[in-house]
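# Understanding the architecture of this molecule
Letter by letter, the chains look like this.
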Amino acid sequence: MRQMSKPAPPRLSIRHGRLIDPLHAVDTHADVHLADGRVVAIGAAPDGFQPERELDASGCLVVPGLIDLCARLREPGLERKATIRSETQAAAASGITSLCCPPDTDPVIDTPAVAQLIRQTAQRYGYARVLPAGSLTHGLAGTQLSEMAALKHAGCPVLSHADRPIRNTRVQRRALEYAATFGMTCFLHPCDADLSDGGLVHEGRVSTRLGLPGIPEAAETVAVARDLALAEQTGARIHFRGLSTARATAMLAEARARGVAVTADVSAHQLFLTENDVDHFAANAYVLPPLRTESDRQALRAAVARGEITAICSDHQPHEDDAKQAPFPRIQPGISALETLLPLTLQLVTDGVLSLNQAIAMLTCQPAAILNSKRGHLAINARADVCVIDPNKIWILNEHTMRSRGLNTPFLNQELRGQVQWTILNGRVVFEQSPVQYC
């Protein structure tokens, strides 16, 4: 039986909003008109254009749909924590239209079948576009290279080893050489496996006071040095996923100045939290890489402001309650972070770290460039992925306002500023804010 095709996306007009498109240096008050899943006009509507729906964006920002470079959806394999459906719903409520999931699912994303399963499941629900990162090696074992060409053909835009370092430098070099032949960027988690083995928090005064094994700064900087050397040797494009130390940002800046094909992102929570937030064994502040010192946090902010770090991501890792309720050495790392990505990034504007245009670029066109994607902008004929934000709306992050299945966040019950009003994916409204607000 032939499957019925979906009807064409409706004609939409978004009126009276402030349009910000950093890629094209657009910051103006203008209407945006959408049809057939594309942007068809900015300003005046085309002749004969009759919208089927109008969205009143008065007082709101109209920006490209947000792009998140790292979000774990837990499916397949860990559906007790979350599912593709639940987490893409949370993404839509957060203004995120595209997100990249690491390959550490079960089974690992090391075959076209797994990549296609994830993409097709997300397409069936239709809340957000999921871009699976293919594994650099089979089973993330770090020994045998994956079939990278097949993964690229199956829709994997990048390659990754999740947060599991490849111990063998020879394998790492061959993986980068092989990826370079297909023009694929490699997402690398810079962490020396031996220096970090067994560590839980940043090695420093807090780890000493708590009696917890530490992860030294060198675990990151040694890995950054190795990966930069291999990138130069092989000509591969690499992307550091989640820098956390001041020294690593300095090494990144020096390499970029020399022309090394390297980019980097930072997890939003690293720009706001430090090792002090783990004090008193705070389970929801346990993340990897660990929260570092105040000087590291300030260096990360400075690298973001200077454009050396070009993207901010959620590093979303939802957990069930039990995962955060064991004694500290046995709890699982990670923050449920989709719903704090936008407000935390907007807080950097309030704090004077970024301009509003720079902040939006960190979530749209710049992560799109890292993915080698044509999304992340709102020019005529661009894909109609749009986020409408009330930048002044204050709301409380709690169990009523969160859509993610994971409530594991250190920002729970805090007031946040900046709330998504509508999210549009391929010209369809996939989220709209309810007029009823819970506190």
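Preceding this section is the structure that the text describes.
Below or above, wherever it landed, is the structure these notes cover. The structure presented is a predicted model; accordingly, all values stated were derived computationally and were not measured.

## So, the sheet that holds strand 13 (residues 185–188)
In spatial order, the strands read 11-12-13-16-17-18; together these six strands make up an open sheet with parallel pairing. At either end of the open sheet lies a strand with only one pairing partner, and these are strand 11 (134–135) and strand 18 (311–313). Along the sheet face, helix 7 (residues 217–234) touches strand 13, strand 16 (238–240) and strand 17 (262–267) and points at about 165° away from the line of strand 16.

## Quick word on the sheet that holds strand 7 (residues 61–64)
With mixed pairing, the six strands of this open sheet are ordered in space as 3-2-7-19-20-21. Of all strands in the sheet, those with a lone pairing partner are strand 3 (26–29) and strand 21 (428–432), marking the two edges. When strand polarity is set aside, the average angle formed by the axes of neighbouring strands in this sheet is 25°.

## Section: the nonpolar core
Leu 228, Phe 240 and Ile 312 are the most contacted members of the largest nonpolar core, which has 99 residues in total. It is helix 10 (residues 338–350) that contributes the most residues to this core, six residues altogether. For Phe 240, the contacting residues outside a window of four places in its chain are Leu 188, Pro 190, Val 224, Asp 227, Leu 228, Leu 252, Val 262, Thr 263, Ala 264 and Asp 265. The next biggest cluster of nonpolar side chains, apart from the first, holds 17 residues, and it includes Leu 12, Cys 60, Val 62 and Trp 422.

## Thoughts on the packing of aromatic side chains
A full pass over the atoms with the stated rule returns three aromatic pairs. Taking 5.0 Å as the distance between ring centres and 65° as the angle between the ring planes, the aromatic pair formed by Tyr 178 and Phe 182 counts as edge-to-face. Relative accessible area serves as the criterion here: at 26%, Phe 182 is assigned to the partly exposed category. Ring geometry for Tyr 286 and Phe 328: centres 5.2 Å apart, planes at 45°, overall tilted. Taken together, the residues span a long stretch of sequence, with Tyr 286 in the loop between strand 17 and helix 9 (294–306) and Phe 328 in the loop between strand 18 and helix 10 at a distance of 42 residues. Among the residues examined, Phe 328 registers a relative accessible area of 6% and is labelled buried. By the ring-pair criterion, three or more aromatic residues cluster together here, those being Phe 281, Tyr 286 and Phe 328. Above the face of the Tyr 125 ring, Arg 124 is positioned so that its terminal group lies 5.1 Å from the ring centre. One cation-aromatic arrangement involves Arg 301 over Phe 272; the distance from NZ or CZ to the ring centre is 4.9 Å.

## Some remarks on the pattern of salt bridges
Under the criterion given, the structure shown has 22 salt bridges. The partner of Arg 72 in a salt bridge is Asp 315, with the nearest N and O atoms 3.6 Å apart. In this pair, Arg 72 sits in the loop between strand 8 (66–68) and helix 1 (84–93) while Asp 315 sits in the loop between strand 18 and helix 10, placing the two residues 243 residues apart along the sequence. Looking at Asp 315, the relative accessible area reads 5%, which means it is buried. For Asp 315, the salt bridge identified is with Arg 241, shortest N-O distance 3.7 Å.

What counts and what doesn't
Residues numbered from 1 in each chain as written. Predicted model: local features only at pLDDT ≥ 70, side-chain atom pairs only at ≥ 80, totals over all residues. Heavy atoms only, no water. Pairing = 2+ DSSP bridges. Helix = DSSP H or I, 4+ residues; strand = E, 2+ residues; numbered from the N terminus. Contact = heavy atoms within 4.5 Å. Axes fitted to C-alpha atoms, helices over the stretch in contact; angles between N-to-C directions. Core = buried A, V, L, I, M, F, W, Y, C linked by side-chain atoms within 4.5 Å. Buried < 20%, exposed > 50% of the residue type's maximum accessible area, 1.4 Å probe, protein only. Phe/Tyr/Trp six-rings, centres within 6.5 Å; stacked < 30°, edge-to-face > 60°. Lys NZ or Arg CZ within 6 Å of the ring centre and 35° of its normal. Salt bridge = Lys/Arg side-chain N within 4 Å of Asp/Glu carboxyl O.

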